[in-house]
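Geometric and topological summary
Chain by chain, the residues run as shown.
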Amino acid sequence: ENLLRRIADERKNARARAARFGVPYVEPRLDVILTREEHRKFMSATGGRNPLDAETAPVAGMDTSSEEQKALQAARAARFKSQMGEGEGGEV
């Protein structure tokens, strides 16, 4: 947790520095921010992914708001409704 806070602070400082000098933001290197031991432990614990970065975060679940998923859900509902019959089961 302390490491994540330190990394977040360094990122914030790098963003502020980039804005102040009008240069593009460059992600700070973790091996420079952290000591060798901290870097090894951090990479081991996170599987090499940065948990603060949304782009590299593992995707869990599905996007239920997409048109493709809505079509699949409707087809699945129709299939199970026809299998259950009229008198069986109710709305969930």
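Residues numbered from 1 in each chain as written. Predicted model: local features only at pLDDT ≥ 70, side-chain atom pairs only at ≥ 80, totals over all residues. Heavy atoms only, no water.

What follows concerns the overall build of the chain. In terms of regular secondary structure, the chain is built from four helices and zero strands. Listing every helix and strand of the chain by position from the N terminus yields α-α-α-α. With an accessible surface of roughly 7,800 Å², the chain has 54% of that area assigned to carbon and sulfur atoms. (Helix = DSSP H or I, 4+ residues; strand = E, 2+ residues; numbered from the N terminus. Areas by Shrake-Rupley, 256 points an atom, 1.4 Å probe, with all protein chains shown as cover.)

To continue, consider the packing of aromatic side chains. Under the criterion given, the structure shown has zero aromatic pairs. Its guanidinium or amino end placed over the ring of Y25, R15 lies 4.2 Å from that ring's centre, counting from NZ or CZ. (Phe/Tyr/Trp six-rings, centres within 6.5 Å; stacked < 30°, edge-to-face > 60°. Lys NZ or Arg CZ within 6 Å of the ring centre and 35° of its normal.)

Summed over all chains, the structure comprises four salt bridges. When the shortest N-O distance is used, the salt bridge between R11 and E27 registers 2.3 Å. Taken as a pair, R11 in helix 1 (residues 2–21) and E27 in the loop between helix 1 and helix 2 (30–33) lie far apart in primary sequence, 16 residues in all. Taking relative accessible area as the criterion, R11 reaches 10% and is therefore assigned buried. With its nearest N and O atoms 2.9 Å apart, the salt bridge here joins D31 to R29. Under the relative-accessibility criterion, R29 is labelled exposed at 53%. (Salt bridge = Lys/Arg side-chain N within 4 Å of Asp/Glu carboxyl O. Buried < 20%, exposed > 50% of the residue type's maximum accessible area, 1.4 Å probe, protein only.)

The next thing to look at is the confidence of the model for the chain. With 73% of its residues at a pLDDT of 70 or more, the chain has an overall mean of 79. Within the chain, helix 1 carries the highest mean pLDDT (90), whereas helix 3 (residues 36–46) carries the lowest (80). (pLDDT = per-residue confidence, 0-100.)

Here we take up the environment of T64. The residue T64 is located in the loop between helix 3 and helix 4 (67–84) in this model. Using a relative accessible area of 45% as the deciding quantity, one classes T64 as partly exposed. Ignoring any residue separated from it by four or fewer positions in sequence, one finds T64 in contact with Q69, K70 and Q73. (Contact = heavy atoms within 4.5 Å.)

Before going further, it helps to spend a moment on the environment of P24. Mapped onto the elements of the fold, P24 is located in the loop between helix 1 and helix 2. The exposure class of P24 is exposed, given its relative accessible area of 68%. Sequence-wise, P24 and A14 are ten residues apart; in three dimensions their C-alpha atoms are separated by 9.9 Å.

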